[in-house]
Each structure stands twice: as C-alpha cells, then as structure tokens.
Amino acid sequence: MNKAKKCILPVYGMKCSKCVAKVTQALEEVDGISDIEVSLEDNEALFFTSEDNEQLYEDALAKIKKAGFSDTPIIEKPEEKNNTRGNAVLELNVNGMSCASCVATVEKGINALSGVASAEVNLLVGSAKVSFDKDKINKNEIIQAINNLGYNATEKLSGDISQGAVEREKNLKKIKFKLAISATLLLFFLVISNIHVFSKEITPFIQFLIVIPIQFYCGLYFLKGAFGAIKHGATNMDTLVSLGTLTALIYSSLDMVGITHGGVYFETIAFLVTFILLGKFLEESAKNKTSDALTKLAGLQAKEATVKIHGEWVKKDIHDVKEKDIVKIYPGEKIPLDGIVVSGSSHVDESMISGEPIPVRREKGDKVIGSTMNKEGELQIEVTGLGNNSLLAKIINVVAEAQSGKAKAQKLADKISSIFVPVIIILGISTFIGWYFLLENGYLFPYEGNTNLSQAILNGISVWVIACPCALGLATPTVIMVVTGMGAKEGILIKNIQALENAGEIDTFIFDKTGTLTEGKPSLERVIALGNYEEAEILLKTASLEEHSNHPIALAITEKARNENIELLEVKGFKNIVGVGVEGKINNEHYRVVKPSDVSLEDSAKLHVEGHGREGKTVAVLARGKEVMGIIVIEDPLKKNAGEVLSHLSMQGKNTVLLTGDNRLTAEYIGKKVFVDRVIANVLPQEKSEHVHNIKNEGKKVAMIGDGINDAPALAVADISFAMSSGSDIAIESADITLLRNDLSLIPKTINLSKCAYLKMKQNLFWALFYNTAAIPMAMLGYLSPEIAAAAMALSSVTVVTNSLLLKNNSLE
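Please read these numbers as outputs of a predicted model, since none were measured by experiment.

Engineer: Describe the sheet that holds strand S17 (residues 492–494), with residues and values.
Structural biologist: Backbone-to-backbone hydrogen bonds pair the strands of a sheet. The strands run either parallel or antiparallel. Pairing is mixed in the open sheet, where seven strands are placed in the order S17-S29-S28-S27-S18-S25-S26. In the strand order of this sheet, the two ends are held by S17 and strand S26 (678–680), each with one partner. Geometrically, the sheet is characterised by an average inter-axis angle of 20° between neighbouring strands, direction not taken into account. In terms of strand pairing, strand S27 (residues 702–706) meets strand S28 (residues 720–724) through four bridges, oriented parallel. Each residue of the ladder has a partner; that of Met704, found in S28, is Ser721.

Engineer: How would you sum up the environment of Tyr783? Please name residues and give values.
Structural biologist: Note that Tyr783 resides in the loop between helix H26 (746–780) and helix H27 (786–805). What makes Tyr783 exposed here is its relative accessible area of 59%. Considering only alpha carbons, one finds Tyr783 and Asn459, 324 residues apart in sequence, at a separation of 8.5 Å.

Engineer: How would you explain the packing of helix H6 (residues 203–218) against helix H7 (residues 220–231) if you had to name every residue and give the values?
Structural biologist: Between H6 and H7, the least distance of the axes is 5 Å, while the angle of their chain directions is 50°. When the axes of H6 and H7 are compared, the pair comes out oblique. The segment H6 lies against H7, with Gln215, Phe216, Tyr217 and Cys218 engaging Leu220, Tyr221 and Leu223.

Engineer: I'd love a proper account of the sheet that holds strand S16 (residues 379–385), names of residues and values included.
Structural biologist: Spatial strand order, S9-S8-S10-S16-S11-S14: six strands in an open sheet with antiparallel pairing. Here the strands that pair on one side only, and so sit at the sheet edges, are strand S9 (312–317) and strand S14 (367–368).

Engineer: Talk me through the packing of aromatic side chains; I want residue IDs and the actual numbers.
Structural biologist: Throughout the structure, instances matching the rule amount to seven aromatic pairs. Ring centres 5.5 Å apart and planes at 90° place the aromatic pair Tyr221 and Phe222 in the edge-to-face group. Note on Tyr221: relative accessible area 21%, which makes it partly exposed. Owing to a relative accessible area of 2%, Phe222 belongs among the buried residues under this scheme. With a centroid separation of 5.7 Å and an interplanar angle of 15°, the aromatic rings of Phe766 and Phe770 are classed as stacked. On the criterion of helical spacing, the pair formed by Phe766 and Phe770 is a turn pair, its members being four residues apart in helix H26. Take Phe770: its relative accessible area is 42%, and that puts it in the partly exposed class. Positioned above the aromatic ring of Tyr217, the side-chain terminus of Lys178 is 4.9 Å from the ring centre.

Engineer: I'd like a rundown of the packing of H6 against helix H8 (residues 237–256), residues and numbers included.
Structural biologist: Contact geometry of H6 with H8 gives a least axis separation of 11 Å together with a crossing angle of 160°. Judged by the inter-axis angle, H6 sits roughly antiparallel to H8. Of the two possible hands of crossing, H6 and H8 adopt the one that is left-handed. Where H6 approaches H8, its residues Pro204, Phe205, Phe208, Val211, Ile212, Gln215 and Phe216 are matched on the opposing element by Thr245, Leu246, Leu249, Ser253 and Met256.

Engineer: Please set out the layout of surface pockets residue by residue, giving values where relevant.
Structural biologist: Quantified by volume, the second largest pocket comes out at close to 810 Å³. Lining the second largest pocket are 30 residues; nearest its centre among them are Asn95, Gly96, Asn171, Lys174 and Tyr221. Elements represented by at least two residues in the lining of the second largest pocket include exactly strand S4 (88–95), helix H5 (163–195), H7 and helix H9 (266–290). Tallying contributions element by element places H5 first for the lining of the second largest pocket, with eight residues.

Engineer: Break down unusual backbone geometry for me, citing the residues and quoting the values.
Structural biologist: Even without a glycine there, the phi angle at His310 is positive, about 50°. Here His310 shows up in the loop between strand S8 (304–309) and S9. The backbone of Phe675 sits at a positive phi, close to 60°, despite the residue not being glycine. Tracing the backbone through its elements, the reader meets Phe675 in the loop between helix H23 (664–673) and S26.

Rules and cut-offs
- Residues numbered from 1 in each chain as written.
- Predicted model: local features only at pLDDT ≥ 70, side-chain atom pairs only at ≥ 80, totals over all residues.
- Heavy atoms only, no water.
- Pairing = 2+ DSSP bridges.
- Helix = DSSP H or I, 4+ residues; strand = E, 2+ residues; numbered from the N terminus.
- Axes fitted to C-alpha atoms, helices over the stretch in contact; angles between N-to-C directions.
- Buried < 20%, exposed > 50% of the residue type's maximum accessible area, 1.4 Å probe, protein only.
- Parallel < 35°, antiparallel > 145°, perpendicular 65-115°, else oblique.
- Contact = heavy atoms within 4.5 Å.
- Phe/Tyr/Trp six-rings, centres within 6.5 Å; stacked < 30°, edge-to-face > 60°.
- Lys NZ or Arg CZ within 6 Å of the ring centre and 35° of its normal.
- Left-handed = near helix turned anticlockwise from the far one by under 90°.
- 1 Å grid on protein atoms, 1.4 Å probe; cavity = no way out; pocket = protein on both sides within 12 Å on 5 of 7 lines; lining within 4 Å.
- Points joined across faces, edges and corners; volume = space filled by probe spheres on them.

Here is the structure:
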C-alpha cells in the first residue's frame, strides 16, 4: 500500500496566529500536498505528499517565500533604534513598582535601550515583556537597566507558572508585618499623647522616638522607592508619600528643638504611614484575589510520575520526566503529563478541560491530557508534552499573556500617570507658597493651634498625600485579571485583551458548519450503488482512497470499512484536492471521491443527492473516469443548542451567517434548522477568507467561528476569531479566543463578558479620574488634613480593586 510521505519545512519570520494562517494558505495553493500543520513555536510546517517529489518541496518553499517568510532564521540588523525589530522576547518579574508612574518609568527606561523594539509593563502582575534584537543587546543588560532604576527584575523561569504569585505572597506578608508594627506603635503613640504620662516638654521627644521606627522601618518601603526613582530622574507615588512624611518629620523635629514654634506634627507621620500601609495591604490582598483562577489552574499540575526505568517503575519529580518516557497511571491517580496510551484502557475525567462531567474512554492509541483524572483502569502512556509544551501549561500561559496585556484605555491612563507625580509635586509646593502668602498678609487665618507656616506646610502635605496615581494604574489591569480568570473558569480562553475589548462591538457572526454547528462526528449513513455496481465495491474503493486523508468525512468512511473488516486496496498517485475531494489510481484505473457538483449526474442520481441534501446530509460521489459509480451519504448531527444560541444572537440584533463548503441544499437545510440569517455554500477552504473580507467591506464588525484547524485563513481575516475545541484537540494558537468546551453557548457568554469588562473599566477610570480631580482641589483649599488625605488615598485604590472583584458576582448568561 502506498503510504503518504511526511515532509517538514522550516519556516522563519512568523510572529502570531495570523502568520500561521498566512503560511497555511500559501501551502494550500500547492497541488499534491495535504494535511498541513504549521507550528509557530517550532518554526516549521508539516505536510504529507504521496510522491517523493523534489520539485513539490521547492514549490512549497517558493510559496512560503512569496508570502514573506523564509526557510532560514531572519536576523534584523537595523541602523536606527526606531526601526528595531525584535527577534527575541524576554519575560520578567518586576518587584518594587507601586503605581502607574512606576510603569511609565520602567517602560521609558527599557525603551531607551538600543536594541529594544518594545516593552510592555504590567503593574498588577508585576511583570514586563520585552521584545529585543539579541544581536544588539542581551537579557542581562535589560535586567540590569531595570535594576538601575531602583526596581528588582528577574527572568521568569520556563514552566514555573506560580513564580509571580509566590513573590506577590511574600510581598503581602512583608506589608502585613510592617502594618502590624506601625499600628501597634501608633496605638502606643496615641496613649502617650492623650493620657499625659510624661511632662509637656518630654512628650515630643517620646513621640519622636516612636515615630522614627514608623518612618524609617515601616515606611522604608516608600523611602527606598522614592530615592530609587529620584536617583534616576523619575518620580512615583512613593515620592509623594516620602515628601509628605519627611517634610512633617523635619518641621516637627525643628520645632521640638526650638528652632520653629508652630507645634509638632509627629502624629501626622504615624497616621500617614499606618493608613498607607493599611491601604497597600488591602490593595495587595484584593489584587491577589484577582489572580485566583490562574493560581487554581497552576495548582492542577501533578507533582510526580511513575516512570519505567530499566524495567522497573520509579517515582520521579515531574520536572525530571523526559519526552517518550513510559509512565504508569494507577486507578484514581492524576495523569501527570500529556501523552499517548500505549497499554491499558480506562475512563478519564477531562472535565477540567472540556467541561463534560462524564468520563471519556481512553485506550491504546488515544491521546490523554496531563492533570486530568484517571478513573477505574490502569494506563501506561508515552509522554508527548513536557513543561510549556503541555496543554495545561499552554492554557495557563495564554491566560497569563492576556492578563499582562493592556487595554486601549489603560494606555491613556499610563500617559496621564507619566506626568502626574511631577505635576502634583508642583501643586503641593504652590499650595504651600499660596497659603503662606495669604496667611502672612492676613487674607486667611490658620486653624486653631497652627501657625501660618505650619498651616501652609500641612496643606501642602495633604496635596502630596491625597493624589493617587495607583487608582489610575489599577483601573483596567484588575478588570482584565478578573475577566480572563472568569473566562478560563467557563472554558473561554482569551488570547489577547484587544479581542475581549472588541467582542462587544461585533455585529456579524460567521459560522463554519462541520464541528462548529454540528457535532463534528460524522458517520457513514448509507452507500448507494448506481447502475450494476455493488454497495460493497463502492465502500471498498471509496475507503481505499480516503484512507490517505484525515478529513472528518474520510475518517467516517474508513471507520465504517474497518468495522466491516474490509481489507483496503493499494492506491497509487494519491492526491488530496483541497475543497474538492481525493483521487488516485486503483489497479491502474483512475478513481475520484468528490462533491456531486464536480461530476455530471444522471437524473436518478440527482434525486438521491437532492433528497439527502434537503435532509441536511452531506453527499459525496465515487467516480471512475467520467462514470459515477455510487453515492456516499454522511450524517453529522447538529449540536443540541445550535438553534437556541443563534436565535439568542439574532434577538440581540446580531447578524448570523453560515459559511460552508457543503452544497446549497444541505447548507440551506442546516441554515433553516438553526435560524441563520444568511447562507453561503459551495465555498472552497481558500475562498472562505475572501467571503469574510467581503462581509467586512460591507461595514460589518465580523467574528468568525470555526474549528481552528481547517479555517485558519478565514479566522485570520476576521476582526475576532473563535476556535471551537473538544478534549485534546485544542488549537490554542489558531484564534483570538479558544472555546475549550465544544459548546456554542460560550459565544454569547464571551460577548457578555466583554460588555461587563468594558463597563467596569469605564467605572474604574471614572472613579480614578473623578477622585483625583475632586480631592486635589479640596486639599489645596485646606479642607483635608494629611491624616484624612492618607486615608482617602488608600481607600481610592482599594475601591478600584474591589469594584473589579465585584465582576465575579456577574452572571454571563
């Protein structure tokens, strides 16, 4: 039997799923190749051909080059910084950032480096993603540049999903400890100040001794951040807090020793540091809750595996297992890694991926997913997915990638934050000067117990302390963190935040048929022999041809032949003609399995084709030369909720389109069953992207929903792409949003998630901007003491994070 030959072609220059789609589309134009799989991660394209043909390989390479890619690594060597294109990516954990101004400082510092193409910093996650030219700058230079700015940058460890979460937990414990000390000292301070244990002359010195550890131990976090920023010509929230507390400390110390005579304000320092630490603790606690979903996903990973070594079974740490190792899984154990069953059979609970509560039978040759639960049987698997190549790790990495992205609105907030602190410093100084001038000239009078100088200083401190760039910096990242976690919990894997932002604006949904509206499990329902031919002969020759294809219909036909124990025939010169069918020679005679529209049919055959088409069934014909020998009828049942979901979309004012390669009769039947607005039938795979493009040209915002494998070009053209997946067949790289459960109801849930996210972002940004625009003038006018200002500033950040967490209470139905 002539088996298809596997070919692997290196492809460099791909940067995203749209590049993958472009390469796939280019290869589909080459006659004689089939079953194309393009890997972004491995920089290669895999395909099959039935012929050992050097020219075919050269044709494929030419098509790839024409599409703008290469078979050798692409190294950019631009002359100017602005033209730098990254050929490497560095992901970092960045500790020490306290507000949006820190984000602006770090991004500005990284982008100033020669050889850096772009940098994106996330305050909430405490991370940075840097695209750079490795021929001009190395990782250590980038890390050192960030550390020189006063922050602590470390490279993210490959496969260590929980690294950032561990660092955040450590930071939270430090803040909690210092808050406890500061609060205790504040309580002692208040007792000393109010029950008059010491004389009036001694009390200020005792207060000074209490405040020193509050300022320089509990408040060291702010001081280090401020001086680190100032050292490099930058400012942040820590600068404002440090200015306020140090000004109060210096002025009060001078008064204590008799140089000034406006009274001491040590309590201002004690209250400021304690309130700000309390706010920071509440903020960090709430921030950690926003990443619960990701932490839980990471917690699903197994820790150990039972590996076969020299004939014996040995327990090994999961990180020490190698690809192709044989691993044993006992009943009730978690499957440690992705693999293929080589021995045994069992039912596996895959609900963590598919959402299906009923365990799935897995036996020899079947794929299994790491971290799913083996039920009653014993399995032995050959490991295929390690570390970041495992399905669970890919899911976690996609969620983490989306969470580190920036919404469009956040980019505006970051621009405001970059000038926010310098402006506030100037306003604080202006407040001091203005009040002192007006007080000295008798236009205003200080509050009881204050001198002109002390009143002016207190008002200036209030301005510095009440301003809050933190709320601006957290306005959208907290929402993104919560909604991506909510999505992952529902089985909605959001690859980039722009897709989530735009999902609510989609007005037209284009659906593929097979595997999207239908179950994607076609079965051969009937074989119809024409003329003097026998049904057995039709099935034998059809299955012999289809054995070389991996199309769902081909698999249905060959499965039927296997079930009937039919021994297939040798096929020579096999060709898979995309969107048409297959052909090849059997016993030196040319046979084809194609669509009915590609052959000339007699009236009796037309009646069969049209009759089954009107019932929504797919029909193929077997032809020898120009003679049609028989008809193959395939049935793929509709998903139970397809009509309900499309009706729901229509009720929301959305347009729905069925785009399929099936014949018009079948397509129209399916369209009526699911209440679709428009049917486009008889479309070749390479033509689907053109139809999507044409609909976009009508002024529509388009979402394309497909299986993520055969619809890659069309998915790439759409404004947003959804890939329907099931079990282990998850094409994460193929679309903007991957639906981990093969459930159409996740589409309207995604739309609702997008709308909820957009509303929360607007609420948070409004609150952050309103708070600052209202609070700062009040402080400048003297209506707020520094203590009240500190409490209000802490509350503003907590309010934004808490408002984002309220999203978890929203129903996506």
